[in-house]
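One-letter residues, chain by chain:
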Amino acid sequence: MLLADKIDEIKTICQYCKKKATMVLRTQDGLPVYDGEQIQIGGNETYISVCRKHYFAPLITSKKEQDYDN
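Cut-offs and rules
- Residues numbered from 1 in each chain as written.
- Predicted model: local features only at pLDDT ≥ 70, side-chain atom pairs only at ≥ 80, totals over all residues.
- Heavy atoms only, no water.
- Phe/Tyr/Trp six-rings, centres within 6.5 Å; stacked < 30°, edge-to-face > 60°.
- Helix = DSSP H or I, 4+ residues; strand = E, 2+ residues; numbered from the N terminus.
- Buried < 20%, exposed > 50% of the residue type's maximum accessible area, 1.4 Å probe, protein only.
- Pairing = 2+ DSSP bridges.
- Contact = heavy atoms within 4.5 Å.
- Core = buried A, V, L, I, M, F, W, Y, C linked by side-chain atoms within 4.5 Å.
- Salt bridge = Lys/Arg side-chain N within 4 Å of Asp/Glu carboxyl O.

For the protein chain, the name recorded in an unreviewed UniProt entry is Thymidine kinase, with Streptococcus infantis SK1302 as its organism.

Under the definition given, this model contains two aromatic pairs. Pairing tyrosine 34 with tyrosine 55 gives two aromatic rings, centres 5.4 Å apart and planes at 80°, and the pair type is edge-to-face. With tyrosine 34 in the loop between β2 (31-33) and β3 (47-50) and tyrosine 55 in helix α1 (residues 52-56), this pair connects stretches of sequence that are 21 residues apart. With a relative accessible area of 41%, tyrosine 34 lands in the partly exposed category. Members of the aromatic cluster, joined through ring pairs, are Tyr34, Tyr55 and Phe56.

Our focus in this paragraph is the pairing of strand β1 (residues 23-28). In terms of strand pairing, β1 meets β3 through four bridges, oriented antiparallel. Within β3, the residue paired with leucine 25 across the bridge is isoleucine 48. Pairing of β1 with β2, which is carried by three bridges, proceeds in the antiparallel orientation. Among the inter-strand pairings, arginine 26 is bridged to a residue of β2, identified as valine 33. As consecutive antiparallel partners, β1 and β2 are separated by two residues, and within that stretch aspartate 29 has a phi angle of approximately 55°, a positive value.

Mapped onto the elements of the fold, threonine 22 is located in the segment before β1. Look at threonine 22 and you get exposed, because its relative accessible area is 55%. Placed 28 residues apart in sequence, threonine 22 and valine 50 show a C-alpha to C-alpha distance of 6.5 Å. Ignoring any residue separated from it by four or fewer positions in sequence, one finds threonine 22 in contact with Val50, Cys51 and Arg52.

So, on to the nonpolar core. Counting residues in each nonpolar core, the largest one holds five residues, listed as Cys14, Leu25, Ile48, Val50 and Cys51. The contacts of isoleucine 48, once residues within four sequence positions are left out, are Gln15, Tyr16, Met23, Val24, Leu25 and Thr27.

Under the counting rule described, the total for this entry stands at two salt bridges. Linking aspartate 8 and lysine 6 is a salt bridge whose minimum nitrogen-to-oxygen distance equals 3.9 Å. Ionic pairing is found between lysine 20 and glutamate 9, a salt bridge with its closest N-O pair at 2.9 Å. Remark: glutamate 9 occurs in the segment before β1 and lysine 20 occurs in the segment before β1; sequence separation between them is eleven residues.

Shown next as structure tokens:
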């Protein structure tokens, strides 16, 4: 950013509350991952955009719980 001539903000919203998303939460098997490798190959199924509130308290359940509910 020191040498950048222009910085564009990519605007996105939190998946849960529709407020401005400022963080990206990595998930594995439907559960949040806070430790481990910094970079993991994956796309929409691995990373979700969230606000600060939902980064620390996401409203997600594991795939096993989702399968049990159905």
